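# Topology and contacts: notes
Listed below are the residues making up each chain.
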Amino acid sequence: MKLPSLNIQILLGAVFGVAIGLYFHGLGAEQQTVQSGLYVAGLIGTLFIDLLKMILIPLVFCSISVGIANLRQHQQMHRVWVATLLFFMGSMLIAIILGLSASLYFKPGTGLQLNMFENAMQNFEAKQLPLPEFFAQFLHGLFVNPFTALAQGNVLAVVMFALILGVALVMGGDRFKHVRTILQEALDVTMLIVGWIMRLAPLGIMALLIKLVAVQDVAMLSTLAKFVAVVMGTTLLHGIVVLPLILYLFTRRSPLWFWRGAREALVTAFATSSSAATLPITLRCTIQHLKVKPEIAGFVTPLGSTINMDGTALYEAAAALFVANLVGVELSLMQQLIVCFTAMIAAMGAPGIPSAGMVTMVLVLQSVGLPAEAIAILLPIDRLLDTLRTTVNVEGDMVGSLVVQKLVTQTSH
Ligand code: ASP
């Protein structure tokens, strides 16, 4: 019997995962079958994520250095840089404005009282994260001994070193052609392994979704229903309308064409809640299905997976207004602008791992004097919200690759 295509298998895995998760949820966590089922799902889900994380660092290192090295000319390199950064910042700004406007309009959090959540807040202590210090730390983390960075899985530092290496390879021209060939072959072999890991994706995604759905905190979810609806609604709006519109305006590509090519990565992002873990698949989809040149995709997607986070930026801004409503503070226009700015920094600074946005959100809350402890209220529902925002984060990286490719090839004629 012929198996359906990997794409279809992944979608089926996701549907079955949600269905079995709901079934387990209905049975209750005490049931023996549910416990054993969740144990097995936990094993498979973790194995899938471990495999992705295993290949992640070699992949980032090779794809960025080879990507930059293949750009060859100076000018082209410069254009890719500028277009990428402008796209990242522009799309995050739109996301933040969306999140802020929706929260200002719907006012989630009003009517709820902070003391309703005392229990949650008791065991939580927010870490101080003043902006100058956060910025200094971010900057300090960019340049690290590459061997330490590789060994510790520090994606951003690996990205930076690979960038510098790539630039050096361009400058050196033919002198370093062997290093370039070795890196190119290393990249090809890494992508081959990614292809093998992908075969496990349908099962891995099913397992992750079973766990996610089965252990949802429904009580908290219904108390915060309005906030959840506003965040999910605006995140979806950004993912389904804004990003495809940007794509269409720049490249004339239809959303359906894009989603068909991107769906493996989008479903994986949804299930893993980690842009970093999804990166091997993002890169594969961007090159193979969306037909972006490897040197551009190899640069934009790894960099994007750590600093381009539309969903996270939107969430940080919306959550800040939610907390303000909860404690009954009205933010002035100036304070809203501060939220815009810090939400962007916080999203860029968040690594692409589950719930990273919650940690850097302390920064946004503190910048306008809101109680950072209120994050404790949002933690129980974060795994659920993280699914969609990570999906949109990854979507932004893929749209970014297509837009940058268009901009760069257009201007180089
Ligand atoms: N989980 C998100 C990501 O990997 C980051 C976040 O927590 O917002 O993209």
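In this text the structure is predicted, and so the values were computed from the model without any measurement. (Residues numbered from 1 in each chain as written. Predicted model: local features only at pLDDT ≥ 70, side-chain atom pairs only at ≥ 80, totals over all residues. Heavy atoms only, no water.)

## Structural notes on the site of the ligand
Heads up, the condition is: Proximity is defined per residue: if any heavy atom of the residue lies within 4 Å of a molecule or strand, that residue is considered near it. Side-chain atoms alone can form a polar contact between residues adjacent in sequence; in general such a contact is a pair of N or O atoms within 3.5 Å, and within protein one must be able to donate a hydrogen while the other accepts it. Exposure was quantified through the Shrake-Rupley algorithm and a 1.4 Å probe, taking into account, for residues, occlusion by the shown protein chains and nothing else. Going along the chain from the N terminus, every DSSP run of H or I of four or more residues is numbered as a helix, and every run of E of two or more is numbered as a strand. Classification used: nonpolar for Ala, Val, Leu, Ile, Met, Phe, Trp, Tyr, Cys and Pro, charged for Asp, Glu, Lys and Arg, polar for all others including Gly.
What surrounds the ligand is a group of 15 residues, the closest being Ser275, Thr312, Gly357, Arg389 and Asn393. Contacts to the ligand include Arg389, whose side-chain N or O atom sits 2.7 Å from an oxygen atom. Relative to its unbound accessible area of 270 Å², the ligand is 100% covered by the protein chains. Every element with two or more residues in the shell around the ligand is listed here: helix 17 (356-367) and helix 18 (375-412). For the shell around the ligand, the element with the highest residue contribution is helix 18, accounting for four residues. Taken together, the residues of the shell around the ligand sort by class into four nonpolar, nine polar and two charged.

## Some details on the environment of Val34
Counted only if it meets this: Accessibility here uses a 1.4 Å probe with only protein chains present; expressed as a share of the type maximum, an area under 20% marks a residue as buried, one over 50% as exposed, and anything in between as partly exposed. Here, two residues are considered to be in contact whenever any of their heavy atoms come within 4.5 Å of each other.
By the secondary structure assignment, Val34 is in helix 2 (residues 32-71). Take Val34: its relative accessible area is 2%, and that puts it in the buried class. Every residue in contact with Val34, bar those within four places of it in the chain, is listed here: Phe24, Leu27, Gly28 and Ala29.

## Some words on unusual backbone geometry
Positive phi outside glycine occurs at Lys107, with the angle close to 45°. Positive phi, normally seen in glycine, also occurs at Lys291, with a value near 60°. Here Lys291 is to be found in the loop between helix 13 (275-289) and helix 14 (294-307). Lys291 sits in the exposed class, given a relative accessible area of 59%.

## A look at the packing of helix 2 against helix 9 (residues 201-214)
Helix-helix packing is described using two parameters, namely the angle between the two axes and the distance between the axes. Keep this limit in mind: Think of each axis as a best-fit line through the C-alpha atoms, taken over the contacting stretch in the case of a helix, with angles from 0 to 180 degrees between the N-to-C directions. For classification purposes, angles smaller than 35 degrees are called roughly parallel, those larger than 145 roughly antiparallel, those between 65 and 115 roughly perpendicular, and all remaining angles oblique. By the definition used in this description, the sense in which the near helix is turned from the far one sets the handedness, with an anticlockwise turn below a right angle giving left-handed and a clockwise turn giving right-handed.
Across the interface, helix 2 lies against helix 9 with an axial gap of 8 Å and an inter-helix angle of 130°. The orientation of helix 2 with respect to helix 9, classified from their angle, is oblique. In the packing of helix 2 onto helix 9, the handedness of the crossing is left-handed. Across from Leu38, Ala41, Gly42, Ile44, Gly45, Phe48 and Ile49 in helix 2, the residues of helix 9 making contact are Ala201, Leu203, Gly204, Ile205, Ala207, Leu208, Ile210, Lys211 and Ala214. Looking at the contact of helix 2 with helix 9, its residues break down into twelve nonpolar, three polar and one charged.

Shape is all these values report; function is a separate question.
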